[in-house]
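Given next are the chains, with one letter for each unit.
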Amino acid sequence: MRKFLCAALGACAAASLMVHSAAAETKVGLLLPTSGNYAALGKEIDDGFVMALEEAGMAGDFTLVREDSEAKPPVGMAKARKLVLQDNVDAVVGIVSSAVLGAVRDFIDGSKVPLIVANAGNDEATGANCSKYIVRVSFSNAQVNRPMGTWMAEHGVKKVYAMAPDYAAGHQMIDAFTASFTAAGGEVIGADYTPFGKTQDFGPYLTKAKAASPDAVFVFYAGGEAISFVKQYDSFGLKADIPLYGSGFLTSPLYVKAEGPAAIGVTTSLHYVPTLDTPENQAFVAAFKAKFDRPPSEYAVQGYDSARVLIEAVKAGAKGREAIAEALSKVSYTGPRGPLTIDPATNNVVQNIYVYETVADGDALTQKIVGTINEVRDAPNGCVLK
Ligand code: BEZ
C-alpha cells in the first residue's frame, strides 16, 4: 500500500531524504562521567543512547562527540564549553551529577544550546533556575523522593534517620523526602551528610543512626557509594533490626549484583525498574539483554529516552539549536518506563514513580513492584520558561 501511494504521489523518497539529511547534520555532545564514582552510570547511559539510535536505524545520522565530565563541576564546565564553542554541537546530552548540572546551567542557557539531561536530578534546573534550553528526561530529585515520604508514612513508618552524600543531590533528595514524610505525620529524627566520593567507612554514621533508634533508615546513595553503603548496613548489623529504605538508585539493577544478599528486603522508589510488566518494557528489556547480556537499569532507560526524544525532534523537522530546543519539549510517548511527557511549565519529565523491593529470584536479585504513583509532576517552584 505504501509502495503504491509512493509511486502515485512521488513523495515518499523525497520525504525520507529530508528526514535523513536533517538528521545527518545533527552533532551531539555526550557529556558523561567515564571516570570517578559515577563512571558506570555514564557508560550505562551511553549504551542506552546508542541502542536507541541503532534501533531507529539512525546511528549513522548523528555525529557523537564524547567528553568525560568526571562528575566534577569545574571539569564538566570546561567540557561543556569545549563541546559548545569548539565542537559546535547542535545539542548536549548527559550530565549525571546535580552539582555539574548546577555549574553548567547559566552557560547552557546563555549559549542557547539545547541540553537533554539524562540523569542529574538538580531540582533548580527545572525549578527556579529552569531554562527553555534545558529539557530533562530522567527525573528531578524531588520527584523520585517526594512520593516515598508519603508512601512510608502510609505504611506505618513513624521515625526515620536519613543519610546521603554531602552535595546538591543528597540534600535535595533528603529535603523532598522529609517534606512529604513530615506532612504525612512522620518525623525525621536525625540526618547525616557524608563526604561525597570520599567515604569508605560508613561505620561511625551507622553507629549514630542505630543509637537514635529509628523505625527505619532512609538514604540516597548511587554508584560505588551505594554498593559500599548497602553492604556495610548489613555487615554492621543494622539490617536485621532497622529496615532500610531509599531512593531507588541505592539498589539499581546496574550494581545490585555487587551488593548481593545485603540488598534483599531493601525498599526504594524510582521511575523505572526492569520488571515492569508492559509490552513496551518487555520489548526493551529483551533487546537490551540481547545486546549487552544484562538487564537494563534506570540509567540505561534515561540514555535510551534521551536519544528517543532527540530522534522525535529531528524527525519532526527540527534542525539547529533553537528548533531542536523548541521541539524537544513537545515530545511524548509511552516507552519502557510507562507514559513519558515533558511538562510545558518546567521542561521536566512527567512520569510514574514505582516503589519496589529488592527480592531474591533463585541465585539472582530482582525488583518486586509494591506501589505505583501515577504521573508524578513537580510544581513549577518558581520556573518561568522564556
Ligand atoms: C545526581 O547527582 O543528581 C544523581 C547522581 C546519581 C544518581 C542520581 C542522581
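Residues numbered from 1 in each chain as written. Predicted model: local features only at pLDDT ≥ 70, side-chain atom pairs only at ≥ 80, totals over all residues. Heavy atoms only, no water.

**Remarks on the packing of aromatic side chains**
Test applied: Side-chain rings of Phe, Tyr and Trp (the six-membered ring for Trp) are treated as a pair once their centres are within 6.5 Å; stacked means planes under 30 degrees apart, edge-to-face means over 60, and tilted covers the remaining angles. Going along the chain from the N terminus, every DSSP run of H or I of four or more residues is numbered as a helix, and every run of E of two or more is numbered as a strand. For every residue, the accessible area obtained with a 1.4 Å probe (protein chains only) is divided by the maximum for its type, and the residue is called buried under 20%, exposed over 50%, and partly exposed between those limits.
On inspection of all chains with the given rule, the structure shows 16 aromatic pairs. Arranged with centres 5.2 Å apart and planes meeting at 70°, the rings of Phe202 and Tyr221 form a pair that is edge-to-face. On the criterion of sequence distance, the pair formed by Phe202 in the loop between β7 (187–194) and α8 (203–211) and Tyr221 in the loop between β8 (216–219) and α9 (224–235) is long-range, its members being 19 residues apart. On the accessibility criterion, Phe202 (0% relative accessible area) is buried.

**Concerning the sheet that holds strand β1 (residues 26–32)**
What counts is decided by this rule: One bridge is not enough; two strands pair if DSSP finds at least two bridges between them. Helix axes use the C-alpha atoms of the stretch in contact, all axes being lines fitted to C-alpha atoms, and the angles between their N-to-C directions lie in the range 0 to 180 degrees.
Pairing in this open sheet of five strands is parallel, and the strands run β2-β1-β3-β4-β5 from one edge to the other. The two strands at the open ends of the sheet, each matched to only one other strand, are β2 (62–68) and β5 (134–136). Averaged over all pairs of adjacent strands, the angle between strand axes in this sheet comes to 25°, irrespective of strand direction. Bridge analysis of strand β4 (residues 115–117) against β5 gives three bridges, and the strand direction is parallel. What sits directly across from Leu115, in β5, is Ile134.

**A look at helix α5 (residues 98–111)**
Basically, it comes down to this: Given the number of residues in a helix, its expected span is that number minus one, multiplied by 1.5 Å. To get the bend at any residue, fit one axis to the seven residues that end at it and another to the seven that begin at it, then take the angle between the two axes. Each polar contact in these results corresponds to two N or O atoms within 3.5 Å; when the atoms are within protein, one needs to be able to donate a hydrogen and the other to accept it, and residues that are neighboring in sequence are counted only if both atoms are side-chain atoms.
The end-to-end C-alpha distance of α5 is 20 Å, a good match for the 20 Å that 14 residues give at a rise of 1.5 Å each. At Val104, α5 shows its maximal kink, close to 45°. Taken as a whole, α5 has its buried residues at Ser98, Val100, Leu101, Val104, Arg105, Phe107, Ile108 and Ser111. Of the residues flanking the start of α5, the one acting as N-cap is Ser97, its side-chain oxygen 3.0 Å from the backbone nitrogen of Ala99. Phi for Lys112, located one or two positions after α5, is positive at around 55°.

**Considerations on the layout of surface pockets**
This is how the line gets drawn: Cavities and pockets are found on a 1 Å grid laid over the protein atoms alone: a cavity is a set of points where a 1.4 Å probe fits but cannot escape, a pocket is an open set with protein on both sides within 12 Å along at least five of seven lines, and a lining residue has an atom within 4 Å of such a point. Grid points are joined across faces, edges and corners, and a volume is the space filled by probe spheres set on the points. Only Asp, Glu, Lys and Arg are considered charged, only Ala, Val, Leu, Ile, Met, Phe, Trp, Tyr, Cys and Pro nonpolar, and every remaining residue, Gly among them, polar. All domain edges in this entry derive from an automatic or database-based domain assignment.
Here the largest pocket defines a volume of roughly 440 Å³. Lining of the largest pocket is provided by 18 residues; of these, Pro253, Val256, Lys257, Pro295 and Leu365 occupy positions nearest its centre. Elements represented by at least two residues in the lining of the largest pocket include exactly α10 (256–259), α11 (279–292) and β14 (364–376). With four residues, the top contributor of residues to the lining of the largest pocket is β14. Broken down by class, the residue content of the lining of the largest pocket amounts to eight nonpolar, four polar and six charged. When residues of the lining of the largest pocket are assigned to domains, at least three map to each of domain 1 (10–139 + 278–351) and domain 2 (142–270). For the second largest pocket, the calculated volume is near 160 Å³. Along its surface, the second largest pocket is lined by Lys132, Tyr133, Glu322, Ala325, Glu326, Ser329, Lys330, Pro344, Asn347, Leu385 and Lys386. Residue composition of the lining of the second largest pocket, by class: four nonpolar, two polar and five charged.

**What about the pattern of salt bridges?**
The test is simple: What makes a salt bridge here is a side-chain nitrogen of Lys or Arg within 4 Å of a carboxyl oxygen of Asp or Glu, nothing more.
In total, this model carries 18 salt bridges according to the counting rule given. Between Glu67 and Lys82 there is a salt bridge whose closest N-O contact spans 2.6 Å. Linking Glu67 in strand β2 with Lys82 in helix α4 (residues 73–86), this pair joins segments that are 15 residues apart in sequence. A salt bridge links Glu326 to Lys330; its shortest N-O distance comes to 3.9 Å.

**Some words on the site of the ligand**
Under the convention used in this document: The criterion for a residue being near a molecule or strand is simple. One of its heavy atoms has to lie within 4 Å of it. Computed with the Shrake-Rupley method and a 1.4 Å probe, the accessible areas treat only the protein chains shown as cover for residues. Being in a pocket or cavity means that more than half of the molecule's atoms lie within 2 Å of its grid points.
As a matter of local geometry, the ligand sits amid 17 residues, with Val96, Ser97, Ser98, Gly121 and Tyr167 nearest to it. Backbone polar atom of Gly121 to an oxygen atom of the ligand: 3.0 Å apart, as the coordinates give it. The side chain of Tyr167 places a nitrogen or oxygen atom 2.5 Å from an oxygen atom of the ligand. The fraction of the free accessible surface of the ligand (260 Å²) that becomes covered by protein chains is 100%. The cavity that encloses the ligand is the largest cavity. Taken together, the residues of the shell around the ligand sort by class into 12 nonpolar, five polar and no charged.

**Some thoughts on the domain arrangement of the protein chain**
The cut-off we apply is this: Here, residues are in contact when the closest pair of their heavy atoms is within 4.5 Å. Buried area is calculated as the accessible area (1.4 Å probe) missing from two parts once they are joined, with the contributions of both summed.
Domain boundaries assigned for the protein chain yield domain 1 (10–139 + 278–351) and domain 2 (142–270). The interface is formed by 21 residues belonging to domain 1 together with 21 residues belonging to domain 2. Summed over both partners, the interface of domain 1 with domain 2 comes to about 1,600 Å²; 56% of that surface belongs to carbon and sulfur atoms. Remark: the boundary between domain 1 and domain 2 carries zero salt bridges. Put simply, the parts of the chain that give the side of domain 1 that touches domain 2 at least two residues each are α3 (39–55), α5, α12 (298–315) and β13 (349–361). Considered class by class, the residues forming the side of domain 1 that touches domain 2 number nine nonpolar, eight polar and four charged.

**Let's talk about the state of the cysteines**
Condition: The disulfide criterion used throughout: a pair of cysteine sulfur atoms within 2.5 Å.
Per the stated rule, a full pass over the model turns up one disulfide. One disulfide in the model links Cys130 with Cys383; its S-S distance is 2.2 Å. Around the S-S axis, the bridge from Cys130 to Cys383 shows a dihedral of about 90° and counts as right-handed. Residue Cys130 is located in the loop between β4 and β5, and its partner Cys383 is located in the segment after β14; the two are separated by 253 residues in the primary sequence. Residue classification places Cys130 among the buried positions, given a relative accessible area of 6%. According to the relative accessible area criterion, Cys383 is buried, its value standing at 9%.

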